[in-house]
Each structure stands twice: as structure tokens, then as C-alpha cells.
Amino acid sequence: MKPLLKRMVVHILRWEARAVLVKFKPRVVAITGSVGNSSTKEAIAAVLTSKFHIQKSPKSYNSEFGVPLAILGLSTPWSSPTGWVATLVKGFFRRFQKEYPEILVLEAGVDRPSDMDGVLSVIQPEVSVITAIGEIPVHVEFFSGPKELAFEKGKLARGTLSTGVVLLNADDDVVYDMRNEARGKVVTFGFGRGADIRVSQYALYSQRNALGIEIPAGIRCKVDYQGSTIPLHLEGALGKQQLYIAAAAIGVGGYFGINMLDAARALEGYKPLSGRLRILEGIKNSVLLDDSYNASPMAMHAALDTLRDAPARRRIAVLADMLEIGKFTIQAHQAMGELAGSLVDVLITVGPRAKFIAKEAIERGMKRDRVHELGSSVEAGALLADMLQPGDVALVKGSQSMRMERAVEAIMAHPEQKKELLVRQEEYWKP
């Protein structure tokens, strides 16, 4: 879409979205951060749906196009001019519908400076959630550094209604520092003792498959908030990061009057989104940790930590390029190589940047014959299909454009279910 036409479409969409918000006055929950936004949105929606009529952003509708479309309840026509005309016409008539959700749960993404200003020109959230940013966040490429990116994302906390609440990750120093500037009440969540919503006693639990092999099955913990403690189980989810997501959802539910026990029950129905560290059955009685949606240094570190904790006969990491991190590219990939080399039995890298992962792992003492450097996700899938053995646990992760779901497809036990289980299965993504 040409720049002038793009600006016109965005302007019209924002105008239509604001008109809908003015008429129906839904309460708005907005989520931002560098990792876990979509999963946090899903968990919050799972909790709020138990008591309210809600509408959530579909997929990752978090951009200058996505946020207005999510408010209007419309889908993107991608690059179709006639499709955009039809979408704008539908958007115009949305204000005349009779019913509208009580609560909107929206993602607010940031790729470039001033992106959050565009979001806040449409919404003023009653509840804001900042998930995590980290020292080297994704999307930092177009900023002068992590501080500038954090400042941009922090605009959401500063733009929240003064009568509302801002939920901040207490274990992320960059996010926690936003508490002094956030509007409204501040509620923190995390594992640290100072968190208002505190997660403790994290444990991964497993089960035995038909061959008697122990495989990862889910996680459990305890959550403390406002003097109450509840147990929480998340089946089919792995990693501490899932508990940050659950804690944020419990906090949002509490703000809307949903008690912790009811929130925990609602979260029993929460499942990780496709490509977000999802447990899948692999060929030859292996287990796949499908984290192929996207990659950032923080998220890749968390995924490797999860692989380390998983019961396995062999731990295999398939790590592809991490993009959009600019001048931190070499440093970040080397750090992943150092970590991976200390905990995996086999390391497979995909892409030119991921070669720094392989090189660092070898320099740190990993045997050269256990490291494989490949050029594409298809090659990785073929190699995995040949090498997997019963009881292996394979983590697959990389940035979106590396298309690592193709590697997962090659080794999943039920490829006929790929449209339901994998990311990027729409027609748009087909070659």
C-alpha cells in the first residue's frame, strides 16, 4: 500500500473506531511489552469471559491498522484494494449496531517511535498491562536503544485512566521502573517477594506415554494476592513465563471483581497459542516444544530454560535467527550459544545470524559433531526427522520470517492437524 493511501486508510479506521468507542463506551484493557502479549491477552480473555461479554484482538492485531480493526471487529484484507474499501464501509456502519461487548481486550504493539501515540489517539485504557521488555528487546532495531523503546511502551502506562489500574511485571527492572510514572493504581506481579501478585513453588509436572517414557505435561504453582493463596495448574503449558501471564490475568480479573479461585478455574481452560512454547506430539514418540511464532533474546532464553527443566532422554534445540534487534544482533546470538551449549545434547542453528549461536556453543566446549548449521527451516525439519528418537524433546524457535513452523510440520506426529496446531497456516503465508 502506498504511503499516502496507507495514511488515509489508517485515519479513517481510527475515526471509525473512536466513533464506536464514544457510542458504546466499553471498558478497555490494553497490553504491551516485548514478549508474551498475545498469550497474556488470551489468558485475560479467558478470565473475563467467565463473567463478562468481551471482545479481544484477533491474533496479533496490535498495529496502527490492527488496533482499530480489533475495535471494529473486522479482519484485515491484506493488500486487496477492493477488500479495504469493503472494510472501511463495514467500519462506518459498526456504530449503528445494537449491541457491543462490555470489555475490549487489546494488544498495543510498538515497532517505531510514536507508534504508541497512534494507539492512544484511539483508546484510553482503564486497565494496562506491561508484560516484559528485558535488556535487549525485540523491535529495538528502529530505536536508538532499549531505553527509548521502553519509553515508547511506557506511554501506555502513562496514558491509562487515573481511576484505572496499571499491572507491571515486578521482575523486569525496566517495566518495574514504570511504576513511578504510571497513572492510576499500580499492581505488580511476579516471583519476587515484593510483587503484589506473587507466584511461588513453580514446578513442572510430567506423565508417561504409551512407551513408559516420561514427558512434560504442564506446570503448577501457588499464587498469593491480597492475603489469599490459591493453587494453579496449567495443563499443556510450560515455562515460568506462562505464570507471569496467569498472574497478570488474575490481577485483571480481580480489578473487575472476579475472585482468585474463579480466575484460576477459568485459566484451566487456557492453552498456549500456536507457536508459543506449545507441547506437541512428535514423530517416533518424541516431544516437540513449538515456539516458532517469533523470537527475542528474552523469549529464547526463557525457552531454553524450559527445555533444561523438561524430562527428556535427549534435549535438542533448533534455534534460528533473531531479527529486529539491530546492533545487539551478534551479542544476543552469542549469549544464546553460551546458554544452549551448557544444556542441550544436540544444537541445530538456522540462518546466518544463528551461526553465532553455533560458534559460541562450540567455543564454550560443545562437541562439534553435536552442532549442525543449516540454511533453512526445511533443512532443519529433514535433519530432525532423521535423527529424532523416542523420548527426545526438541525445542524449535526463531523469528517470524525464518518460518520455523515448517520444521515443526516435518516432525509433528499429526501433520493432518497442522492448520489447528501451527502458526502461519493461512493462505497469505503460502509461497
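In what follows, the accompanying structure is described. (Residues numbered from 1 in each chain as written. Predicted model: local features only at pLDDT ≥ 70, side-chain atom pairs only at ≥ 80, totals over all residues. Heavy atoms only, no water.)

**Observations regarding the packing of aromatic side chains**
The geometry of an aromatic ring pair comes down to the distance between the two centres and the angle between the two planes. Summed over the entire model, instances satisfying the criterion amount to 11 aromatic pairs. Arranged with centres 6.2 Å apart and planes meeting at 55°, the rings of F93 and F96 form a pair that is tilted. Across this residue pair, the class does not change: F93 and F96 are exposed. Connected via pairs of aromatic rings, a cluster forms that spans W15, F92, F93 and F96. One Lys or Arg, R112, reaches over the ring of F142 and ends 3.9 Å from the middle of that ring. When the ring centre of Y176 is taken as origin, the NZ or CZ atom of R179, which lies over that ring, is 3.9 Å away. (Phe/Tyr/Trp six-rings, centres within 6.5 Å; stacked < 30°, edge-to-face > 60°. Buried < 20%, exposed > 50% of the residue type's maximum accessible area, 1.4 Å probe, protein only. Lys NZ or Arg CZ within 6 Å of the ring centre and 35° of its normal.)

**A short note on the sheet that holds strand β8 (residues 214-225)**
Strand order across the open sheet formed by 9 strands is β2-β3-β1-β4-β5-β6-β7-β8-β9, with mixed pairing between neighbours. Sheet topology places β2 (54-56) and β9 (228-235) at the edges, where each strand pairs with a single neighbour. Averaged over all pairs of adjacent strands, the angle between their axes in this sheet comes to 20°, without regard to strand direction. In this structure, strand β6 (residues 185-190) lies alongside strand β7 (residues 197-208), joined through 2 bridges in parallel fashion. The residue bridging G190 from the neighbouring strand is R198, located in β7. (Pairing = 2+ DSSP bridges. Helix = DSSP H or I, 4+ residues; strand = E, 2+ residues; numbered from the N terminus. Axes fitted to C-alpha atoms, helices over the stretch in contact; angles between N-to-C directions.)

**Digging into the side chain of S296**
Structurally, S296 can be placed in the loop between β11 (287-291) and α10 (297-309). Overall, the relative accessible area of 3% leaves S296 in the buried class. Apart from residues lying up to four places away in sequence, S296 is in contact with V35, V138 and M322. (Contact = heavy atoms within 4.5 Å.)

**Overview of a nonpolar patch on the surface**
Nonpolar side chains collect at one region of the surface, where W15, V85, V89, F92, F93 and F96 lie side by side and expose about 610 Å² of accessible area between them. With 4 residues, helix α4 (residues 81-93) is the largest single contributor of residues to the nonpolar patch. For V89, the location among the structural elements is in helix α4. On the accessibility criterion, V89 (43% relative accessible area) is partly exposed. (Patch = residues over 30% accessible without salt bridge, like charges linked within 9 Å, V, L, I, M, F, W, Y side chains within 5 Å. Areas by Shrake-Rupley, 256 points an atom, 1.4 Å probe, with all protein chains shown as cover. Salt bridge = Lys/Arg side-chain N within 4 Å of Asp/Glu carboxyl O.)

The analysis is restricted to geometry; functional conclusions fall outside its scope.
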